[in-house]
Amino acid sequence: MTKLWNRCGDCWICIAFLLCCGSLSARSLATEETKESQPAAQEAAQPASDTDPKAEQAATEQATAEPAVVPAMEPKLSSGRTIVQIVDGLNHPTGLAIQPETSILYVADSGNRQVVRVSGDKAEPAITDFPSGNSVTDGANPASLSPGGPLSLLFLNRETLLVGCGAGVDGVATLRVYSLPADNAPLKADAAKSTLTLPSIESASPNGDFYALATSANSIYATCIGGPQESWIASATRNDLEISALDRFINTQASVEVGNPAGATISPHGYLVVGQAGQSDAATDSLLVFYDTSTKQPLLKLPTGLYDVSSVAYSARKHLYVLDRAKANSSEAGLCRVLAYKSGTSGMRAERVAWLPGPTAMVFDGEGALMVAVVGDGVSGQGKILKIPAEEAL
């Protein structure tokens, strides 16, 4: 396997490998290929340190052993420093977004069927009275975290907020577009200026829950989870602030043979990066997949060695981070940074940054701090928002 090292800003980027479109078989990279020709592989990981194999093995074993020392229910950075709690008293928070211009944090307080804004250490209602949905009892997917209500949030500008919702009693999930009032007066859920749903098809129920949202200049992408037939990435047309034509875009189960697409983001080079959560069991089957949205093909499919990837995000330093819900093994739940790795079959490893109790969503603010939503054990309404300060230099 040929590797290239290129200078990108202040960070060294390792081009580990590129997976061929369609077949997903590995293809070697020629040494003369430029940085621009293979951006997906560059964005997949930052380089691991140049240590010998024995040192690498020792570091891996130490990282594996540490969760027994640091309890999962006590949020803790790998450095030993305590993580700041911003607000508690939430019920299954599953989506976060920072409002442009104001830098105010909004939270999808799913179990309480509302969207809240965080002011100081309090959560104030922003959009309320979302309809009740059918509680998801299938333990094989991350949707079982939520009894219904809003799941994902995305700002297009200061006033325009997209809310992805779980399936209602009719089994249909909705993508709602809101214009937030300047005086921050709470809205009712049915005050959306537009509501989009996926068309029904014979081979699937209406759709899975809209668990994560991402946007490019011309499209909105929504991950749909809820079972093998609902493992889709949906897309809608974006014309500035107008959203239309929501439809199924990529069948992830058929594309990469792992279901439940959860986290989603757009990479620095414009690729759609999706965390495929896989089954919510003891299997560490989660994937990171880089999709070319022009062809709908997976360019890069990376086994993560994690249980249930629930969120993906890039920091301002262009480092890629993932949350692992690890529902079957809570001592492994937390935040990881994706690194290139010389040993191993995938060419990447997930470096532990923090242990977190049931992490479901994250967002970086403009100063480089990371906000994380956690649900605790997922059944007792222990929802909180935690903050990893900018000083940690993620």
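For the structure, check the block above.
Just so you know, the residues in each chain are numbered from 1, in the order the chain's sequence is written. Totals for whole chains, interfaces and linings use every residue, but because this is a predicted model, local features are given only for residues with pLDDT of at least 70 and side-chain atom pairs only at 80 or more, for both listing and counting. The side-chain figures draw on all heavy atoms in the structure; neither hydrogens nor water molecules are used.

Draft legend 1. Quick peek at the sheet that holds strand β8 (residues 105-109). Being paired, for any two strands, means DSSP has found at least two bridges between them. The secondary structure listing takes helices from DSSP runs of H or I that are at least 4 residues long and strands from runs of E that are at least 2 residues long, numbered from the N terminus. If you walk across this open sheet you meet the five strands as β7-β8-β9-β10-β14, and the pairing is mixed. The sheet is open, and its two edges are formed by β7 (93-98) and β14 (187-188), each paired on a single side. The pairing of strand β9 (residues 114-119) with strand β10 (residues 122-128) spans five bridges and is classified as antiparallel. Residue pairing in the sheet places V118 in a bridge with A123 of β10.

Draft legend 2. Quick look at the side chain of D109. Within the secondary structure, D109 sits in strand β8. When accessible area is computed with a 1.4 Å probe and restricted to protein chains, residues below 20% of their type maximum are described as buried, those above 50% as exposed, and intermediate ones as partly exposed. We score Asp and Glu as negative and Lys and Arg as positive, and we do not count His or the chain ends. Salt bridge, as applied in this entry: a Lys or Arg side-chain nitrogen positioned within 4 Å of an Asp or Glu carboxyl oxygen. Despite its burial, D109 remains without a salt bridge, the nearest opposite charge being carried by R113 at 10 Å. Identification of polar contacts relies on pairs of N or O atoms within 3.5 Å, with a donor-acceptor requirement for protein atoms, meaning one able to donate a hydrogen and the other able to accept it, and with residues adjacent in sequence counted only if both atoms are side-chain atoms. Within polar-contact distance, the side chain of D109 engages the side chain of N112 at 2.8 Å. Excluding residues within four positions of it along the chain, D109 makes contact with L90, N91, H92, P93, Q114 and V116. Note on contacts: a residue pair is in contact if any heavy atoms of the two residues lie within 4.5 Å.

Draft legend 3. Expanded view of the pairing of strand β26 (residues 334-340). Counting buried positions along β26 gives seven out of seven residues, so the element sits mostly inside the fold. The pairing of strand β25 (residues 320-324) with β26 spans four bridges and is classified as antiparallel. In the strand pairing of β26, D324 is matched with G334. With seven bridges joining them, β26 and strand β27 (residues 348-355) adopt antiparallel strand pairing. Looking at β27, one finds that R337 is bridged to E351.

Draft legend 4. Region of interest: the nonpolar core. In this description, a nonpolar core means a group of buried Ala, Val, Leu, Ile, Met, Phe, Trp, Tyr and Cys residues linked to one another through side-chain atoms lying within 4.5 Å. Within the largest apolar cluster, 18 residues are counted, with the highest numbers of intra-cluster contacts made by L162, L175, F210, I220, A234, I243 and L246. Elements supplying a minimum of two residues to this core: β13 (175-179), β16 (209-215), β17 (219-225), β18 (232-239) and β19 (242-251). Ignoring anything within four residues of it in the chain, the contact list for A234 reads L198, F210, I220, Y221, A222, C224, L246, D247, R248 and F249.

Draft legend 5. Quick look at the packing of aromatic side chains. Classification of ring pairs rests on two measures: the distance between centres of Phe, Tyr or Trp rings, Trp counted by its six-membered ring, which must be within 6.5 Å, and the angle between planes, read as stacked under 30 degrees, edge-to-face over 60 and tilted in between. Enumeration over the complete set of coordinates arrives at four aromatic pairs. Ring geometry for F130 against Y178: centres 6.3 Å apart, planes inclined by 70°, an arrangement best described as edge-to-face. Here the residue F130 occupies a position in the loop between β10 and β11 (150-155), and Y178 occupies one in strand β13, the gap between them amounting to 48 residues. Neither F130 nor Y178 differs from the other in exposure class; each is buried. Plain terms: the ring middles of Y321 and F364 are 6.0 Å apart, the flat faces sit at 55° to each other, and that makes the pair tilted. Here the residue Y321 occupies a position in strand β25, and F364 occupies one in strand β28 (residues 359-364), the gap between them amounting to 43 residues. Each of the two residues, Y321 as well as F364, counts as buried. A ring is scored as having a charge over it whenever the NZ atom of a lysine or the CZ atom of an arginine sits within 6 Å of its centre and within 35 degrees of its normal. Between the NZ or CZ atom of R248 and the centre of the ring of W232, over which it lies, the distance is 5.7 Å.

Draft legend 6. Focus on the environment of D247. You can see D247 is positioned in strand β19. The class of D247 is partly exposed, set by a relative accessible area of 37%. Taking the C-alpha atoms as reference points, D247 and A222, 25 residues apart in sequence, are found 9.9 Å from one another. Not counting residues within four places of it along the chain, the set of residues in contact with D247 comprises L198, P199, A234 and S235.

Draft legend 7. Geometry of the pairing of strand β24 (residues 309-314). A large share of β24 lies buried, amounting to six of its six residues. Bridging between β24 and β25 involves five bridges; their strand directions are antiparallel. Bridged to V312 within β25 is V322. Counted along the chain from β24 to the antiparallel partner β25, the turn is five residues long, and its residue K318 has a positive phi close to 65°.

Draft legend 8. Main features of unusual backbone geometry. Unusually for a residue other than glycine, E101 sits at a positive phi of about 75°. Its location among the elements puts E101 in the loop between β7 and β8. Even without a glycine there, the phi angle at S103 is positive, about 60°. Within the element layout of this structure, S103 appears in the loop between β7 and β8. For S103, a relative accessible area of 53% translates into the label exposed.

Draft legend 9. Region of the structure containing the pattern of salt bridges. A complete count under the given rule lists five salt bridges for this structure. Between R81 and E392 there is a salt bridge whose closest N-O contact spans 2.7 Å. Of the two residues, R81 is situated in the loop between β5 (76-77) and β6 (84-90) and E392 in the segment after β30 (383-388); the sequence distance between them amounts to 311 residues. One salt bridge in this structure joins R337 and E351, with 3.9 Å as the shortest N-O distance. With R337 in strand β26 and E351 in strand β27, this pair connects stretches of sequence that are 14 residues apart. When its relative accessible area of 18% is taken as the criterion, R337 is described as buried.

Draft legend 10. Highlighting the sheet that holds β30. Taken in spatial order, the four strands make up an open sheet running β6-β30-β29-β28, and their pairing is antiparallel. The open sheet has two edge strands with one neighbour each: β6 and β28. Going across the sheet, the axis of each strand differs from the next one's by a mean of 20°, ignoring polarity. For helices, the axis comes from a line fit to the C-alpha atoms of the stretch in contact; other axes are also lines fit to C-alpha atoms, and the angle between any two N-to-C directions lies between 0 and 180 degrees.

Draft legend 11. Inspection of the side chain of S286 at higher detail. Here S286 lies in the loop between β21 (272-276) and β22 (287-292). Residues in contact with S286, not counting those within four places in the same chain, are Q276, A277, L302, P303, T304, G305, L306, Y307, D308 and V309.

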